[in-house]
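Letter by letter, the chains look like this.
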Amino acid sequence: MSAAKNIGRRVVKRLGASVPALLGVVVFTFLLMRVLPGDPATFFASGPNAGQEEINELRRQMGLDRPMYEQLVRYLYDIATGHLGRSMTTGQPVLADLAQRLPASLELSFFALIIALTLAIPLGIVAALKPNSLIDHGVRFVCTLGVCVPTFVSGLLLIYVFYYLLGLAPDPTGRIDIFAAQPPEITGFLLIDFLMVGDFAGWRAAFGQLILPAFTMALFVLAPLARMTRASLLAVLGGDFIRTARSVGMSSWRVVIVYALRNAMLPVLTIIGIVFSTMLGANVLVEKVFSWPGIGSYALDALLASDYAPVQGFVLLIAAIFVMVNLAIDVLYGIADPRVTVE
């Protein structure tokens, strides 16, 4: 019962502390969009020969003719009432656009995170067991390479090799082949929706489209996960309880997997939350390279068109997801290590 109360207090405290941060993000994004060059009314006015009267009317409809403080107060009121504005690019409410595109970004990020963890944790373990060896230096080189190469470069290289040269990957044109039938929209996650309706051919098609963009994202976040696993495991392997376990004759694999790795995973759990939140905001270029219909490409198109509302909604959504993911990691950390308190 005390553990449940501790978790409840932790959640309430973290949510309360996140409100000023979210408010700061909203205000900063609002002001930043207003100081960027470009006039949305001029951009969206019908045709390049639109008159000044038409532009002024559009500015009035968009509320851009009002003082800055009045626009900010109105925007904060809209957020408080659940409205994020309307996209001038799509003509739809921003909240509806984000809700439609968010599953695509989440599916890509989740799958990329699974690939990254599958590669990073074994690499970190091997590097920690052989410190300063050729294996350790090789792992560092692979991790550094993944960070140094931009995601759009690695994505284009993967497309060139696996699609153009080898012909193993499908066309990098979205979540599913244009000739394949879409599944009924149940969850928005194509892999789950195809399984729920029993369409395994569609599932394989969606899975094939997902591999290359997910692997591109996984290479980008491989380094922090592998390095944290290595550093944390090295610290644990030097502990007294590990030496005691070895002295009583336990096998090396049991000492490493059962005792050392379990204790070393707590810092890794924290970095997983940070990495996942970063992936959602940093997958803009990956989505553009692979024509992935996610929130990143949506926000980039809106930014290029000086469409304020979608960009502001995107930043607010990413900030809220960042808060919720870190809150979940914080709660899981407290469950995994009961010694951690609310303070």
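> Could you clarify how one ought to interpret the overall build of the protein in this entry?
What the protein contains, in helices and strands, is 14 helices and 0 strands. Secondary structure elements of the protein, listed N to C terminal, follow the sequence α-α-α-α-α-α-α-α-α-α-α-α-α-α. Dimensions of the protein along its principal axes, counting C-alpha atoms only, are 85 × 55 × 40 Å. In the protein, which comprises 343 residues, the share counted as buried stands at 41%. Of the roughly 18300 Å² of accessible surface on the protein, 68% is carried by carbon and sulfur atoms. Between the mean site of the 24 positive side-chain charges and the mean site of the 22 negative ones, the protein shows a separation of 16 Å.

> I'm lost on a nonpolar patch on the surface in this one. Help?
Taken together, the side chains of Tyr-160, Val-161, Phe-162, Tyr-163, Tyr-164, Leu-165, Leu-166 and Leu-168 present a nonpolar region at the surface, about 820 Å² in accessible area. We classify Val-161 as partly exposed; its relative accessible area is 31%.

> Would you mind showing me how to read the pattern of salt bridges here?
Note on pairing: side chains with opposite charge can pair once their charged atoms come close. Under the defined criterion, the tally for this structure stands at 4 salt bridges. Note that Asp-136 and Arg-140 form a salt bridge whose closest N and O atoms lie 3.5 Å from each other. Here Arg-140 and Asp-136 lie together in helix α6 (residues 134-148), a separation of 4 residues that amounts to about one turn. Close ionic contact of Asp-301 with Lys-288 constitutes a salt bridge, the shortest N to O distance being 2.9 Å.

> Before we go on, may I ask you to explain the packing of helix α5 (residues 94-129) against helix α13 (residues 295-304) in this structure?
In helix packing, the relevant descriptors are the interaxial angle and the interaxial distance, both defined with respect to the helix axes. In contact at an axis separation of 8 Å, α5 and α13 are set at 135° when each is read in the N-to-C sense. Relative to α13, the element α5 is oriented oblique. Residues Val-94, Asp-97, Leu-98, Arg-101, Leu-102 and Ser-105 of α5 form the contact with α13, whose own contacting residues are Ile-295, Gly-296, Ser-297 and Tyr-298. Among the residues forming the contact of α5 with α13, the class breakdown is 5 nonpolar, 3 polar and 2 charged.

> Looking at this model, I keep getting lost on helix α8 (residues 190-197). Mind explaining?
Residues three or four positions apart in an α-helix share a direction because the helix packs 3.6 residues into each turn. Every buried residue belonging to α8 is among Leu-190, Leu-191, Asp-193 and Phe-194, and all of these are buried. One side of α8 carries all its buried residues, which in axial view fall inside an arc of 165°. Packing partners of the buried residues in α8 comprise α5 and α9 (200-237). Positioned one or two residues after α8, Gly-198 has a phi angle of 75°, which is positive.

> Honestly, the side chain of Thr-29 in this entry has me stumped. Any pointers?
Examined against the element boundaries, Thr-29 turns out to sit in helix α1 (residues 2-35). Overall, the relative accessible area of 8% leaves Thr-29 in the buried class. Every residue in contact with Thr-29, bar those within four places of it in the chain, is listed here: Gln-312 and Val-315.

> When you look at empty space enclosed by the protein in this model, what are you seeing that I'm missing?
Enumeration over the complete set of coordinates arrives at 1 cavity of 30 Å³ or more. Of the pockets and cavities examined, the largest cavity occupies roughly 60 Å³.

> Sorry, what's going on with the packing of aromatic side chains here?
The description of an aromatic ring pair rests on the distance of the ring centres and on the angle between the ring planes. Applying the stated criterion across every chain yields a total of 5 aromatic pairs. Seen from their ring centres, Phe-110 and Phe-276 are 4.8 Å apart, and the 25° between their planes marks the pair as stacked. Of this pair, Phe-110 sits in helix α5 while Phe-276 is found in helix α11 (residues 252-282), placing the two residues 166 residues apart along the sequence. What makes Phe-276 buried here is its relative accessible area of 7%. Ring geometry for Tyr-160 and Tyr-164: centres 5.4 Å apart, planes at 20°, overall stacked. Note that Tyr-160 and Tyr-164 are positioned in helix α7 (residues 151-165) at a spacing of 4 residues, about one turn of the helix. Relative accessible area serves as the criterion here: at 44%, Tyr-160 is assigned to the partly exposed category. An aromatic cluster is defined as three or more aromatic residues linked by ring pairs; in this entry it consists of Phe-111, Trp-203 and Phe-207.

Conventions we followed
Residues numbered from 1 in each chain as written. Predicted model: local features only at pLDDT ≥ 70, side-chain atom pairs only at ≥ 80, totals over all residues. Heavy atoms only, no water. Helix = DSSP H or I, 4+ residues; strand = E, 2+ residues; numbered from the N terminus. Buried < 20%, exposed > 50% of the residue type's maximum accessible area, 1.4 Å probe, protein only. Areas by Shrake-Rupley, 256 points an atom, 1.4 Å probe, with all protein chains shown as cover. Lys, Arg positive; Asp, Glu negative; His and termini not counted. Charge placed at Lys NZ, Arg CZ, Asp CG, Glu CD. Patch = residues over 30% accessible without salt bridge, like charges linked within 9 Å, V, L, I, M, F, W, Y side chains within 5 Å. Salt bridge = Lys/Arg side-chain N within 4 Å of Asp/Glu carboxyl O. Axes fitted to C-alpha atoms, helices over the stretch in contact; angles between N-to-C directions. Parallel < 35°, antiparallel > 145°, perpendicular 65-115°, else oblique. Contact = heavy atoms within 4.5 Å. Nonpolar A, V, L, I, M, F, W, Y, C, P; charged D, E, K, R; others polar. Arc of directions from axis to C-beta. 1 Å grid on protein atoms, 1.4 Å probe; cavity = no way out; pocket = protein on both sides within 12 Å on 5 of 7 lines; lining within 4 Å. Points joined across faces, edges and corners; volume = space filled by probe spheres on them. Phe/Tyr/Trp six-rings, centres within 6.5 Å; stacked < 30°, edge-to-face > 60°.

Purely spatial values, then, with no claim about function.
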